[in-house]
Amino acid sequence: MSQPRQTALAGPAGAARSAAAPVTVPGAVAPAAGTQPATVGRPNDTPRLLRMLTTGLILLGLIFGLAGALSFSGVAVSLDRAESNTEQLIRVQKIQTNLLSADATATNAFLVGGLEPPAQRAAYDRAITATGALV
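Criteria and thresholds
Residues numbered from 1 in each chain as written. Predicted model: local features only at pLDDT ≥ 70, side-chain atom pairs only at ≥ 80, totals over all residues. Heavy atoms only, no water. Helix = DSSP H or I, 4+ residues; strand = E, 2+ residues; numbered from the N terminus. Buried < 20%, exposed > 50% of the residue type's maximum accessible area, 1.4 Å probe, protein only. Areas by Shrake-Rupley, 256 points an atom, 1.4 Å probe, with all protein chains shown as cover. Salt bridge = Lys/Arg side-chain N within 4 Å of Asp/Glu carboxyl O. Expected span 1.5 Å × (residues − 1). Contact = heavy atoms within 4.5 Å. Polar contact = N/O pair within 3.5 Å; in protein donor to acceptor, adjacent residues only side chain to side chain.

(A) Inspection of the overall build of the protein at higher detail. In terms of regular secondary structure, the protein is built from three helices and zero strands. Reading the helices (α) and strands (β) of the protein from amino to carboxyl end gives α-α-α. Within the span of the protein, comprising 135 residues, buried residues form 6% of the whole. For the protein, the accessible area works out to roughly 11700 Å², and carbon and sulfur atoms hold 66% of it.

Shown next, in the form of structure tokens:
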């Protein structure tokens, strides 16, 4: 009546069989062939997270560099515009100075009594010629 009890996983042969035998869980999806099953703690998240952070920092650096380049180009355009405005302002001031000099020379010649000295006439002509060249 008594039969010897057989242990299902007794001995080294039984241990090898249990390690090779897949355990199926109801509702679980079997991994695709050639892939490793996902682990509970997901220890591979750290390298992936570091790659994502590195990629994010690289993109942030590129955006920062692009913004800097655009702002420097805007400043360069503003400086060029300011330089041309300054040159024009200096030219206008020279024109005004030459006209005032010519006017003062003509006024002095008129006040002398109609006979203007040749040196004053030459100064007047130089001032008017320089003004014409600047305009």
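From this point, things continue past the structure.
(B) Expanded view of the pattern of salt bridges. This structure, assessed with the given rule, holds two salt bridges. Of the charged contacts, one joins Arg48 and Asp45 as a salt bridge, the two residues approaching to 2.8 Å between their closest N and O atoms. One end of the pair is Arg48 and the other is Asp45, both in helix H2 (residues 45–112) and three residues apart, which spans about a single turn. For Asp125, the salt bridge identified is with Arg121, shortest N-O distance 3.8 Å. With Asp125 and Arg121 both in helix H3 (residues 118–134) and four residues apart, this pair spans about one turn of that helix. On the basis of relative accessibility, which here comes to 34%, the residue Asp125 falls in the partly exposed class.

(C) Main features of H2. The terminal C-alpha atoms of H2 lie 100 Å apart, and with 68 residues this matches the ideal 100 Å at 1.5 Å per residue to within 8%. Taken together, the buried positions of H2 are Ile95, Asn98, Ala102, Thr105 and Ala109. Those residues of H2 that are buried lie in contact with H3. Following H2 by one or two positions, Gly113 has its phi on the positive side, about 125°.

(D) Quick look at the side chain of Thr131. Inspection of the secondary structure puts Thr131 in helix H3. A relative accessible area of 7% places Thr131 in the buried class. Within the structure, the side chain of Thr131 is placed 2.8 Å from the backbone oxygen of Ala127, a separation counted as a polar contact. Excluding residues that lie within four positions of it along the chain, Thr131 makes contacts with Ile95, Asn98 and Leu99.

(E) Layout of the side chain of Thr105. As for its position among the elements, Thr105 is in helix H2. Judged by relative accessible area, which is 12%, Thr105 ranks as buried. Ignoring any residue separated from it by four or fewer positions in sequence, one finds Thr105 in contact with Gln120, Ala123 and Tyr124.

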